[in-house]
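Next come the chains, spelled out residue by residue.
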Amino acid sequence: MKIEISKKVEKLAPSGIREFFDLVLGMKDVISLGVGEPDFASPWLVREKAIYSLERGYTSYTSNKGMPELRKQIAHFVKMRYQLDYDFDNEILITVGVSEGLDLVMRALLNPGDKVIVPEPVYVSYAPVVELAGGKAVSLKTDKSNEFKMTPENIEKLCTKDVRALMINYPCNPTGASYTKQELEAIAKVVKKHNLLVISDEVYDELTYDFDHTPFATLPGMKERVIYLNGFSKAYAMTGFRIGWACGPEKVIQAMTKIHQYTILCASITGQIAAQEALKNGMKSVQEMKKEYKRRRRFIVESLNEIGLDCHMPQGAFYVFPSIKKLKVPSMDFAKGLLKSQKVALVPGVAFGKAWDDFIRISYASSYDNLKEAVVRIKKYLSSSR
Ligand SMILES: Cc1ncc(COP(=O)(O)O)c(C=O)c1O
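The shown structure was predicted, so the numbers you read here are calculated from the model rather than taken from an experiment.

Student: Looking at this structure, I do not really get the sheet that holds strand E11 (residues 347–348). What am I missing?
Tutor: If you walk across this open sheet you meet the three strands as E9-E12-E11, and the pairing is antiparallel. A single partner strand is all that each edge strand has here, and the edge strands are strand E9 (319–320) and E11. Sheet analysis places E11 next to strand E12 (residues 360–363), joined by two bridges and oriented antiparallel. By the bridge assignment, Pro-348 is partnered in E12 with Ile-360.

Student: I would appreciate a short explanation of the site of the ligand in the present structure.
Tutor: Of all residues adjacent to the ligand, which total 13 residues, the nearest are Gly-97, Val-98, Ser-99, Asn-173 and Ser-233. With three residues, helix H5 (residues 97–109) is the single largest residue contributor to the shell around the ligand. Of the residues that constitute the shell around the ligand, the class distribution is three nonpolar, nine polar and one charged.

Student: Is there a simple way to think about the domain arrangement of the protein in this case?
Tutor: Interfaces are often described in size by the accessible area the parts lose on coming together. Here the protein is described as being made up of domain 1 (7–42 + 284–384) and domain 2 (44–282). Its C-alpha centre places domain 1 at a distance of 25 Å from the equivalent point of domain 2. Between domain 1 and domain 2, the contact holds 33 residues from the first and 33 residues from the second. The element best represented in the side of domain 1 that touches domain 2 is helix H11 (residues 283–306), accounting for seven residues. Across the side of domain 1 that touches domain 2, the residue classes break down as 18 nonpolar, nine polar and six charged.

Student: I keep staring at the nonpolar core and nothing clicks. Help me out?
Tutor: One recurring pattern in soluble globular proteins is that nonpolar side chains are buried together. Val-105 and Val-198 are the most contacted members of the largest nonpolar core, which totals 114 residues. Ranked by the residues each element gives to this core, the list is headed by H5, at seven residues. Residue-level mapping places this core at the junction of two domains, with at least three residues from each of domain 1 (7–42 + 284–384) and domain 2 (44–282). If sequence neighbours within four positions are ignored, Val-198 has contacts with Ala-165, Leu-166, Ile-168, Val-191, Phe-216, Met-222, Arg-225 and Val-226.

Analysis parameters
- Residues numbered from 1 in each chain as written.
- Predicted model: local features only at pLDDT ≥ 70, side-chain atom pairs only at ≥ 80, totals over all residues.
- Pairing = 2+ DSSP bridges.
- Helix = DSSP H or I, 4+ residues; strand = E, 2+ residues; numbered from the N terminus.
- Near = placed C-beta within 6 Å.
- Nonpolar A, V, L, I, M, F, W, Y, C, P; charged D, E, K, R; others polar.
- Domains from an automatic or database assignment.
- Contact = placed C-beta atoms within 7 Å.
- Core = buried A, V, L, I, M, F, W, Y, C linked by C-beta atoms within 7 Å.
- Buried ≥ 20, exposed ≤ 12 C-beta atoms within 10 Å, placed from the backbone.

Take a look at the structure:
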């Protein structure tokens, strides 16, 4: 039988990150600086609570929207931390990670042909979730000379009548770029002028190193047009628990909930119980991990520059995005060569689109010792290939 796959799905390119990491699978003693997840286990108190909940038989579905206790805690948390007011029952939805939030928000908002501005380089799912929802991703290429940040001017250039929304991610995967309050305020003016919605992915907010993180929804006049996505994966080292949240205008959250209840039903109860413990008692662990990431950031940026890879200082997350331009070699060849000869895995820039072939992404969510050894090996590789 000839099976036809949806045209939309056929058109999607497979994830470049996956393609490369299929090569890594099966190789021994590789130092992997490729993965986008913390090298720490979730805080012990969180794991203990999850174990205990299983022992006590908490294995059921929860409310579609997520456990009311967790939604209440999130409402309290964002109020205390950022002075953001969201009604726990109508304006907050618990999702299966920020990944599900991104998918839901696009499906809830877009009609065929609606355009969404997507910054580049960014997390690989952004353009696909727009396209799968029937929309069209309009790419905004950022620039190294501006620390990979969007500017009001380059956003405005793309604002045609059919652009409905702006996606923003800060601190950013893969560049680590983040925005000060003043920079965000300037972007908010353009958002208002062109009546855009903003999908703000702030999953790395706690990992902002050089200034305070400002949620987009806190800017004057923005709350009514921002869908604020966040979750537990990164700062709390809870990727496997798969818990995220979406806060936003009631109408949007209700629409997202409708899709969520038919497709997902609810996020796992174990994850939701673990997330409650994370909010209650996890901040100390978050701060300890943040301190360690900051130490590693400095080490990796300084070391890469010392061995001749031009690397800017990112302001958040746990990635650096050095340039390999002067080596004049495609990023996939560089990554494959390094993997084969020195057993260090990193992500070739081309995984984020052709425009990023002069870059590589290195995750410093790996132990300090691993990073030290990786730098030695990268140095060897650079001198052998000169
Ligand atoms: C910017 C960004 N958004 C969302 C996600 C997905 O996070 P989650 O585990 O909450 O689905 C990632 C994961 O790497 C990411 O880097």
